[in-house]
Amino acid sequence: MPLTVSLRELTNSYVRLRDVAGTVPAPVSHLIRFYSVECGLKALALKARNGRSTAQQQELVTHDLRQLAKNLKLSASAYQDLVNCRRPAKGGFSHPPVTARELHEAWRYGAELDPEDEKQTVAGLSTLGQLCAERIGR
């Protein structure tokens with residue numbers, strides 16, 4: 001069963017993680033930024049539904065930032081840079097690309113990603129983070 005958190009907790013977590021993301025090196029900063037944006041989008045979704053917590057909000061039990069953005073009816077340009085990231089082939093073994101919803105795992109586990117794909121995706125996280133800041137007002 002997923003953890004239930006309040007709108008206030010999600011909002012505070014968004015701000016706290018956003019502020020920390022700029023103080024640590026990549027890829028740790030990317031991982032923290034990912035989680036910050038996830039919290040921000042979920043807080044916006046709760047606000048849009050006049051919800052007080054994630055209880056009975058099963059569609060919020062996801063790491064799919066693209067889907068969260070779509071559910072908020074954000075313009076596609078707000079999340080278009082969240083791309084699947086290719087992984088370099090090593091020792092004759094090729095890896096499938098890492099989807100946008102799996103990026104937190106790649107960064108958490110230290111998977112090597114194509115630098116250009118990663119750069120584009122981090123730019124997408126920054127775009128969504130800015131949008132969250134504007135709409136949350138913090």
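Reference entry: report on the structure contained in this document. Worth saying up front: this structure is predicted, and the values here are computed from it rather than measured.

### Observations regarding the packing of aromatic side chains
Part 1: Applying the stated rule across the entire model yields one aromatic pair.
Part 2: Consider the rings of Phe34 and Tyr35, whose centres lie 5.8 Å apart with planes at 85°: the pair is edge-to-face.
Part 3: In this structure Phe34 comes out as buried when scored by relative accessible area, which is 1%.
Part 4: We classify Tyr35 as partly exposed; its relative accessible area is 23%.

### Thoughts on the packing of helix α1 (residues 7-21) against helix α6 (residues 115-136)
Part 1: Close contact between α1 and α6 brings their axes to 12 Å; oriented N to C, the two are set at 135°. Here α6 runs oblique to α1, going by the angle between their axes. α1 and α6 meet at a crossing whose hand is left-handed. Residues Thr11, Tyr14 and Arg18 of α1 lie in contact with α6, whose contacting residues are Gly129, Cys132, Ala133 and Ile136.
Part 2: For the contact of α1 with α6, the class distribution of residues is four nonpolar, two polar and one charged.

### Concerning the nonpolar core
Part 1: Leu41, Leu65, Leu74, Trp107 and Leu128 are the most contacted members of the largest nonpolar core, which totals 35 residues.
Part 2: Counting residues per element, the ones that place at least two in this core are α1, α2 (28-48), α3 (65-71), α4 (76-79), α5 (103-109) and α6.
Part 3: By residue number, the principal contributor to this core is α2, which donates nine residues.

### Considering α1
Part 1: Taking 1.5 Å of rise per residue, the 15 residues of α1 would be expected to cover 21 Å, and the 21 Å separating its terminal C-alpha atoms lies within 8% of that figure.
Part 2: Taken together, the buried positions of α1 are Leu10, Thr11, Ser13, Tyr14, Val15 and Ala21.
Part 3: The elements touched by buried residues of α1 are α2 and α6.

### Observations regarding the pattern of salt bridges
When the charged atoms of two side chains lie near each other, side chains of opposite charge can form a pair.
Part 1: Under the criterion given, the structure shown has seven salt bridges.
Part 2: Here Arg101 makes a salt bridge to Asp64, at a shortest N to O gap of 3.6 Å. Linking Arg101 in the loop between α4 and α5 with Asp64 in the loop between α2 and α3, this pair joins segments that are 37 residues apart in sequence.
Part 3: A relative accessible area of 46% places Arg101 in the partly exposed class.
Part 4: Through salt bridges with shared partners, a single network forms among Arg86, Asp114 and Asp117.

Analysis parameters
Residues numbered from 1 in each chain as written. Predicted model: local features only at pLDDT ≥ 70, side-chain atom pairs only at ≥ 80, totals over all residues. Heavy atoms only, no water. Phe/Tyr/Trp six-rings, centres within 6.5 Å; stacked < 30°, edge-to-face > 60°. Buried < 20%, exposed > 50% of the residue type's maximum accessible area, 1.4 Å probe, protein only. Axes fitted to C-alpha atoms, helices over the stretch in contact; angles between N-to-C directions. Helix = DSSP H or I, 4+ residues; strand = E, 2+ residues; numbered from the N terminus. Parallel < 35°, antiparallel > 145°, perpendicular 65-115°, else oblique. Left-handed = near helix turned anticlockwise from the far one by under 90°. Contact = heavy atoms within 4.5 Å. Nonpolar A, V, L, I, M, F, W, Y, C, P; charged D, E, K, R; others polar. Core = buried A, V, L, I, M, F, W, Y, C linked by side-chain atoms within 4.5 Å. Expected span 1.5 Å × (residues − 1). Salt bridge = Lys/Arg side-chain N within 4 Å of Asp/Glu carboxyl O.

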